[in-house]
Amino acid sequence: VTDHSQSQGQANGLKPDRLRTHIDLIREKNETISGVTILAGSEVDILPDGTLDYDDELLAMLDIVVASPHAALQQSPEDATKRLLAAIEHPLVHIIGHPTGRIINKRKGLEPDIPTLVAAAVECNTALELNANSYRLDLKDTHVRAACEGGAVIAINTDAHRPEDFDQLQYGILTARRGWAEPKNCINCLEHDELQTWLLRK
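For the structure given in this document, a descriptive report is provided here.

Parameters at a glance
- For every chain, the first residue of the written sequence is number 1, and numbering continues from 1 onward in sequence order.
- Per-residue local features of the predicted model are confined to residues with pLDDT of at least 70, and side-chain atom pairs are confined, for both listing and counting, to 80 or more; whole-chain, interface and lining totals are unaffected and use all residues.
- Processing note: side-chain calculations cover all non-hydrogen atoms of the structure and skip hydrogens and water entirely.
- Here a strand is any run of E in DSSP of at least two residues, a helix any run of H or I of at least four, and the numbering for each starts at the N terminus.
- Our radius of gyration looks at C-alpha atoms and nothing else; its globule reference is 2.2 Å times the residue count to the power 0.38.
- Buried, partly exposed and exposed residues are distinguished by accessible area as a fraction of the type maximum, computed with a 1.4 Å probe on protein chains only: under 20%, between the cut-offs, and over 50%, respectively.
- In what follows, residue pairs with any heavy atoms lying within 4.5 Å of each other are defined as contacts.
- The Shrake-Rupley method, run with a 1.4 Å probe, gives the accessible areas here. Residue values count only the displayed protein chains as cover.
- Two residue types count as positive, namely Lys and Arg, and two as negative, namely Asp and Glu; His and chain ends fall outside the count.
- For this purpose, a charge sits on NZ of Lys, CZ of Arg, CG of Asp or CD of Glu.
- Put simply, the grid is 1 Å and covers the protein atoms alone, a cavity is a trapped set of points that fit a 1.4 Å probe, a pocket is an open set with protein on both sides within 12 Å along at least five of seven lines, and lining residues have an atom within 4 Å of a point.
- Grid points are joined across faces, edges and corners, and a volume is the space filled by probe spheres set on the points.
- Residues are grouped as follows: Ala, Val, Leu, Ile, Met, Phe, Trp, Tyr, Cys and Pro are nonpolar; Asp, Glu, Lys and Arg are charged; all remaining types, including Gly, are polar.
- Each Phe, Tyr or Trp ring (for Trp, its six-membered ring) is paired with any other whose centre lies within 6.5 Å, and the angle between the two planes then decides the class: stacked below 30 degrees, edge-to-face above 60, tilted in between.
- Two limits define a charge over a ring: the Lys NZ or Arg CZ must be within 6 Å of the ring centre, and within 35 degrees of the ring normal.
- What counts as an axis is a line fitted to C-alpha atoms, over the stretch in contact for a helix, and the angles between N-to-C directions run from 0 to 180 degrees.
- Note on angle classes: values under 35 degrees are labelled roughly parallel, values over 145 roughly antiparallel, values of 65 to 115 roughly perpendicular, and the remainder oblique.
- By definition, turning the near helix anticlockwise from the far helix through less than a right angle yields a left-handed crossing, and turning it clockwise yields a right-handed one.
- As used in this record, nonpolar core signifies buried Ala, Val, Leu, Ile, Met, Phe, Trp, Tyr and Cys residues forming a set joined through side-chain atoms within 4.5 Å.

**What about the overall build of the chain?**
- The helix and strand tally for the chain stands at seven helices and six strands.
- In sequence order, the secondary structure elements of the chain are arranged as β-α-β-α-β-α-β-α-β-α-β-α-α.
- Relative to the globule expectation of 17 Å for 202 residues, the C-alpha radius of gyration of the chain, 16 Å, shows essentially globular dimensions.
- Counting only C-alpha atoms and orienting by the principal axes, one finds that the chain spans roughly 45 × 35 × 35 Å.
- Counting all 202 residues of the chain, 47% fall into the buried class.
- Long-range contacts, defined as pairs at least 24 residues apart, comprise 70% of the intrachain contacts of the chain with a sequence gap of at least 6.
- With the model as given, the accessible surface of the chain reaches about 10500 Å², and the carbon-plus-sulfur share is 52%.
- In the chain, which carries 20 positive and 31 negative side-chain charges, the distance between the mean positions of the two groups comes to 6 Å.

**Topic: the layout of surface pockets**
- Here the largest pocket is characterised by a volume of approximately 1300 Å³.
- Every residue lining the largest pocket is counted, 40 residues in all, and those nearest its centre are Thr2, Ile156, Asn157, Thr158 and Asn188.
- Broken down by secondary-structure element, the contributors of at least two residues to the lining of the largest pocket are β1 (2–4), β3 (64–68), β6 (154–157), α6 (169–178) and α7 (192–199).
- Per-element accounting of the lining of the largest pocket gives the leading share, four residues, to α6.
- For the lining of the largest pocket, the class distribution of residues is 22 nonpolar, 10 polar and eight charged.

**A closer look at the packing of aromatic side chains**
- Per the counting criterion, the structure on display carries zero aromatic pairs.
- Above the plane of the ring of Trp180 lies Arg145, whose end atom (NZ or CZ) is 3.8 Å from the centre.

**What to know about empty space enclosed by the protein**
- Taken as a whole and assessed by the stated rule, the structure comprises one cavity of 30 Å³ or more.
- Taken as a whole, the largest cavity spans an internal volume of roughly 40 Å³.
- Lining the largest cavity are Thr2, Glu43, Val66, His98, Glu129, Asn131, Asn157 and Asp159.
- When grouped by side-chain class, the residues that make up the lining of the largest cavity number one nonpolar, four polar and three charged.

**Some thoughts on the packing of helix α4 (residues 114–124) against helix α5 (residues 141–150)**
- Contact geometry of α4 with α5 gives a least axis separation of 9 Å together with a crossing angle of 40°. On the basis of their axis angle, the class for α4 and α5 is oblique. Between α4 and α5 lies a crossing of right-handed hand. Between α4 and α5, the contacting residues are Ile114, Val118 and Val122 on the first element and His143, Ala146, Ala147 and Gly150 on the second.

**Things to note about the nonpolar core**
- Counting residues in each nonpolar core, the largest one holds 38 residues, and the members touching the most others are Leu52, Ile88, Ile96, Leu128 and Ile154.
- If one sorts the elements of this core by residue count, α4 sits on top with six residues.
- Those residues in contact with Leu52 that sit more than four places away from it in its chain are Val44, Asp45, Ile46, Leu47, Leu59, Ala67, Ala87, His90 and Val93.

This is how it looks when you write it as structure tokens:
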């Protein structure tokens, strides 16, 4: 469960105190149900200078951290690359969400150097998100191909803001297939214990 971080006021992003409550509630719920593990996470803004929207002490409390760009999406390719590299290299970040921030036919988004990001993602064992939302499809298929050929892993995510958004998973799977992704390239295909080990990798 990765609600937005505090900078996303329009999405009711969580201030630190609300995030701590969110974490506590998920921990409590995990003790009452069986057969499913709920991860306490956050979609944390990557600020324009590459820093993150929460401090490291708070990030360390989370099971999973998705770091995503949402603002300053007209940065130069050089600045965008540096910004995303800082997040990829952050020891508490697991996944880089919708790396370009594009909205299809509405917003071009960032144009980072994808091979550089892929190389860093491999070195840091950070996943690159394939956002399955039909407005985004970010990574796009050619980026998925570059990630797979370069040895990086991807995470297919629906970016669900409402229950019906989960149906968009199919678009992420189709985009991954167009990028020649195989199960070994995708953390969604990991078994439960393998995923838990991967989350603790850093």
